Amino acid sequence: ETGVTQTPRHLVMGMTNKKSLKCEQHLGHNAMYWYKQSAKKPLELMFVYNFKEQTENNSVPSRFSPECPNSSHLFLHLHTLQPEDSALYLCASSHQRADTQYFGPGTRLTVL
Amino acid sequence: AQSVTQLDSQVPVFEEAPVELRCNYSSSVSVYLFWYVQYPNQGLQLLLKYLSGSTLVKGINGFEAEFNKSQTSFHLRKPSVHISDTAEYFCAVSGSGSEKLVFGKGTKLTVNP
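Reading guide: rules and limits
Residues numbered from 1 in each chain as written. Chains lettered and ligands numbered in written order. Predicted model: local features only at pLDDT ≥ 70, side-chain atom pairs only at ≥ 80, totals over all residues. Heavy atoms only, no water. Disulfide = S-S within 2.5 Å. Helix = DSSP H or I, 4+ residues; strand = E, 2+ residues; numbered from the N terminus. Buried < 20%, exposed > 50% of the residue type's maximum accessible area, 1.4 Å probe, protein only. Contact = heavy atoms within 4.5 Å. Core = buried A, V, L, I, M, F, W, Y, C linked by side-chain atoms within 4.5 Å.

## Notes on the state of the cysteines
Residue and element names in this part refer to chain A.
Then comes step 1: Taken as a whole and judged by the stated rule, the model has 2 disulfides over all chains.
Then comes step 2: A disulfide bridge connects C23 with C91, and the sulfur atoms are separated by 1.9 Å. The disulfide joining C23 to C91 has a torsion of about -75° about its S-S bond and is therefore left-handed. Placement of C23 in strand β3 (residues 18-25) and of C91 in strand β9 (residues 87-94) is noted, with a sequence separation of 68 residues between them.
Then comes step 3: Judged by relative accessible area, which is 0%, C23 ranks as buried.
Then comes step 4: When its relative accessible area of 0% is taken as the criterion, C91 is described as buried.
Then comes step 5: The cysteine C68 is free of any disulfide, with C91 supplying the nearest cysteine sulfur at 9.0 Å.

Structural data, given as structure tokens:
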């Protein structure tokens, strides 16, 4: 595997479910990001991690809970989501915080 | 804070025609500028970036962009497009030294035969 990978690619969940999105980067980067891409809206930065430490939480509701156990892995834990949370969730990584970001293919999430 | 305006939400063109996708930004600090492409059902792929130096930046797939500080623009161009260039293109800006990328709403390029 090369680059940034995300699993699952597609996820359908009910509002009472708990699920997790996984991101893995094989680029030796130190910073990782979660973005939300909704139809008709610009990409929204959700969280930033640098050397496993969270450096940015862009006013994201607590039903989204990120976890970064090491510089190569990033998770987004989901619980009691709303239908308006349906979107494409993109993970990205960069060598350092202000460097060029490289994106994964995304997880298409549908909340019923 | 930075912001990005992509002036056209959709751009239809014929194959082998030239194309320009427009991007304007606002920022109170020095900026880095990026163009990303998103093919259907895929993530974002970096096309090109401007960090410093020459204002004309060449990227992958024959695309280029020119940084114009006085007009706060970073328009993307390609002299001859292919069907395979059909995708959505995103302009993004960050303050130099910042990890916060601010994206435009995207421009859907459709190349018709």
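## Description of the side chain of T107(A)
Residue and element names in this part refer to chain A.
Then comes step 1: Mapping T107 onto the fold places it in strand β11 (residues 107-111).
Then comes step 2: Here T107 falls in the buried class, since its relative accessible area comes to 0%.
Then comes step 3: Not counting residues within four places of it along the chain, the set of residues in contact with T107 comprises Q6, T7, P8, R9, L11, L21, A87, L88 and Y89.

## Focus: the nonpolar core
All names here are of chain B.
Then comes step 1: Core analysis: the largest hydrophobic core is formed by 28 residues, its most contacted members being L33, W35, L47, L48, F74, L76 and Y89.
Then comes step 2: Secondary structure elements with two or more residues in this core: β2 (10-14), β3 (19-21), β5 (31-38), β6 (44-50), β8 (64-68), β9 (73-78), β10 (87-95) and β12 (107-112).
Then comes step 3: Each residue touching L76, except ones within four places of it in the same chain, is listed here: V19, E20, L21, W35, L47, L48, F63, E64, A65 and Y89.

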